[in-house]
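# Examining the three-dimensional arrangement
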Amino acid sequence: MNDTICALATPQGGAISVIRISGEKAVETVSAIFKPRKGVCLEERRSHTVAFGDICINDGEVLDEVLVTVMRGPHSYTGDDSVEISCHASPYITQQIIIALLDRGVRQAEPGEFTMRAFLNGKMDLSRAEAVADLIASTSRASHRLAMNQLKGGFSNELGKLRDKILKLTTLLELELDFSEEDVTFADRAELLQICDEVDSVISRLSASFSVGNAVKNGVPVAIVGETNAGKSTLLNALLKEERAIVSDISGTTRDTIEGMMTLRGITFRFIDTAGLRETDDVIERMGIERTVEQLKKTSIALWLIDPAAEYCQVEEAAKRILPECKEKKLAILINKCDVTRQERISEVIKWSRALVAEYGEEVEWSDSDMWAISARQGINIDRLEDFLVQSSAVPAISSSDVIVTNVRHYEALVRALQNIRDVKAGLMMGLSGDLVSEHLRAAINNLSEIIGEMTTDEVLGNIFANFCIGK
Ligand SMILES: Nc1nc2c(ncn2[C@@H]2O[C@H](COP(=O)(O)OP(=O)(O)OP(=O)(O)O)[C@@H](O)[C@H]2O)c(=O)[nH]1
Ligand SMILES: [Mg+2]
């Protein structure tokens, strides 16, 4: 049986709170504690109407004046009868209303349970349900667009078309199987191969879009690296425009990685400030330095900060650790503290750095114009850095019809489907029999079905919805 659930759907603070109730007994339970000021009781009201009245608990004591919205299933978000109570946002009031509901047999909802019910009731497929969480978490125009496109079903439609194509392949092959006794080859294998190629190219495009989708959703990772005291934490704070990391003139101030997100011209970046690189006997600092190198591996853009007051050997030491990890990454070399450094010295450090990149920076995406002097503390030439970041992010502008994969779960299923389609192609080309080939076709269909949730286990569903907020 579908029991009735409730949750506070709005955060603490603000003027109004919304309590959501959904399930078979939603209307009658709220009706038991709600007295409309005018008109008939809640049970007799039409769907999708709002009633004004009082919440009365403990023998008729008026707790609050509220608005109650009734949405009857199946035309509600969850597909079940649903009620929303908009009350004043006092923690006492919301708590008392929820206690009154629980006393009448309603259960507190799990995170994402309303959306899970919408999925189980067939109101939306799984990839659209996941888009709801992305929409709530969206922080930029691009991440909002991606979530909205997915919610509107763009991705689901594309998957539907793919499945139809694969099903067509299966049918053609099965036809061949049915008549195999008579030694007739119905399916023209050239035609089958062509359909395979079409499917391959669509899945390839979708899975390749994940790198963009992931960057939009989670931010383009940018590591800030360099020797100790170069001013990395100062730069992080300057970029984020807040005092996120501790800055001091003591070498080795930052020991762990510190992250901060910010959006520049519609693109979200995730900046990672790291422990300064130097030889050290300090165990904790050494662990921090190992993390720096690990972080560098995971990012697509690196900012190497150099303190022009450093000795050549210190800069070379940092170069040896940083540059080999920057293969195929965009790199900017920033000569910091230009506010207190003579121009001749800056020119000298620029000359060293150029030579060091030539020596240790094989395959690094870097050109001479990707090196300039800044002052992290005074904010000098930070705008040039912002230009560099936006140009290097490789995140294209996203239109409202683009289908881009943003979810690891979808990406992994697509990669598996692609492998199966490639196995089908190989089988067809080797002239394998239809039944051997169709096994991979069925597997590919299953992979796509996992994404929209036609084939999922309770465990998978539990994991997905556990990441939602309570009340959604
Ligand atoms: N004059 C000047 N000083 C700066 C500038 N940037 C940073 N500093 C100073 O340099 C010192 C070190 O700065 P941090 O930002 O802590 O350096 P860091 O690279 O994070 O150092 P570690 O965490 O120890 O690796 C501090 O005293 C900063 O105020 C700058 O642009 N100009
Ligand atoms: Mg620091």
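Scroll up to find the structure.
Rules of the game
Every chain begins its residue count from 1, and numbering advances along the sequence as written. Written order determines the labels here, with chains lettered from A and ligands numbered from 1. Reporting of local features is limited, given that this is a predicted model, to residues whose pLDDT is at least 70; pairs of side-chain atoms are given and counted only at 80 or more, and all residues count toward the totals for whole chains, interfaces and linings. In computing side-chain values, all of the structure's heavy atoms are included and hydrogens and water are not. To form a nonpolar core, buried Ala, Val, Leu, Ile, Met, Phe, Trp, Tyr and Cys residues must be joined to one another through side-chain atoms within 4.5 Å. A simple rule labels every residue: compare its accessible area, found with a 1.4 Å probe on the protein chains alone, to the largest value its type can have, and call it buried under 20%, exposed over 50%, or partly exposed in between. Runs of H or I in DSSP of at least four residues are treated as helices and runs of E of at least two as strands, each being numbered from the N terminus. Should any heavy atoms of two residues lie within 4.5 Å, those residues are considered in contact. Metal-coordinating donors are taken as N, O and S atoms lying within 2.8 Å of the metal, or within 3.2 Å when the metal is Na, K or Ca; because water is left out, some sites can appear incomplete. A cutoff of 4 Å decides nearness: a residue is near a molecule or strand if any of its heavy atoms lies inside that distance of it. Counting of polar contacts relies on pairs of N or O atoms within 3.5 Å, with two restrictions inside protein: one atom must be capable of donating a hydrogen and the other of accepting it, and residues adjacent in sequence are counted only when both atoms are side-chain atoms. Note on areas: these come from Shrake-Rupley sampling with a 1.4 Å probe, and a residue is covered only by the protein chains present in the view. Classes in brief: Ala, Val, Leu, Ile, Met, Phe, Trp, Tyr, Cys and Pro nonpolar; Asp, Glu, Lys and Arg charged; the others, Gly included, polar. By the convention used here, strands pair only if DSSP detects at least 2 bridges between them. Helix axes are fitted only over the stretch in contact, all axes being lines through C-alpha atoms; the angle between N-to-C directions runs from 0 to 180 degrees.

Grouped together as the largest cluster of nonpolar side chains are 35 residues, with contacts concentrated most on Leu235, Phe271, Leu303 and Leu389. It is helix 13 (residues 382-392) that contributes the most residues to this core, five residues altogether. Look past the residues within four positions of Leu235 in its chain and what remains in contact with it is Ile224, Leu303, Leu305, Leu334, Ile374, Ala376, Ile382 and Leu385. Counting residues in each nonpolar core, the second largest holds 30 residues, with Phe210, Ala413, Leu428 and Val437 among its members.

Turning next to the coordination of the magnesium ion (ligand 2). The protein atoms donating to the magnesium ion (ligand 2) are Ser233 (OG) and Thr254 (OG1), with metal-donor distances spanning 2.0 to 2.1 Å. Pair noted here: Ser233 is in helix 9 (residues 232-240) and Thr254 is in the loop between helix 9 and strand 9 (258-264), with a separation of 21 residues, a long-range link. Of the two residues, Ser233 and Thr254, neither departs from the other in class, the shared state being buried.

Quick look at the site of ligand 1 now. Surrounding ligand 1, one finds 23 residues, the nearest of these being Lys232, Thr234, Gly252, Thr253 and Ser375. Gly231 is positioned such that a nitrogen or oxygen atom in its backbone is 2.9 Å from an oxygen atom of ligand 1. In this structure, Lys337 approaches ligand 1 through a side-chain N or O atom, which is 3.0 Å from an oxygen atom. Contact with the protein chains hides 94% of the accessible area of ligand 1, taken as 650 Å² for the molecule alone. For the shell around ligand 1, the class distribution of residues is five nonpolar, 13 polar and five charged.

Turning our attention to the pairing of strand 4 (residues 49-57). In terms of strand pairing, strand 3 (residues 34-36) meets strand 4 through three bridges, oriented antiparallel. Across the sheet, Phe34 pairs through a bridge with Ile55, a residue of strand 4. Pairing of strand 4 with strand 5 (residues 61-71), which is carried by nine bridges, proceeds in the antiparallel orientation. In the sheet register, Phe52 faces strand 5, and the bridge partner there is Leu67. The antiparallel pairing of strand 4 with strand 5 creates a hairpin that spans three residues between the two strands, and Asn58 there sits at a positive phi of about 40°.

So, on to the sheet that holds strand 7 (residues 107-108). Spatially, seven strands are ordered 3-4-5-6-2-1-7 in an open sheet, and the strand pairing comes out mixed. Looking at which strands have only one partner, the edges of the open sheet turn out to be strand 3 and strand 7. Where strand 5 and strand 6 (residues 82-88) come together, five bridges link them in antiparallel fashion. Along strand 6, the bridge assignment pairs Thr69 with Glu84. Against the sheet, helix 3 (residues 113-120) makes contact with strand 1 (5-8), strand 2 (16-22) and strand 7, and its axis sits at roughly 140° relative to strand 1, the strand it touches most.

Let us now look at the environment of Thr292. Among the secondary structure elements, Thr292 is positioned in helix 10 (residues 283-298). Expressed as a C-alpha distance, the spacing of Thr292 and Lys217, which sit 75 residues apart in the sequence, is 23 Å. Ignoring sequence-local partners within four residues, the contact set of Thr292 consists of Val225, Thr274, Ala275 and Leu277.

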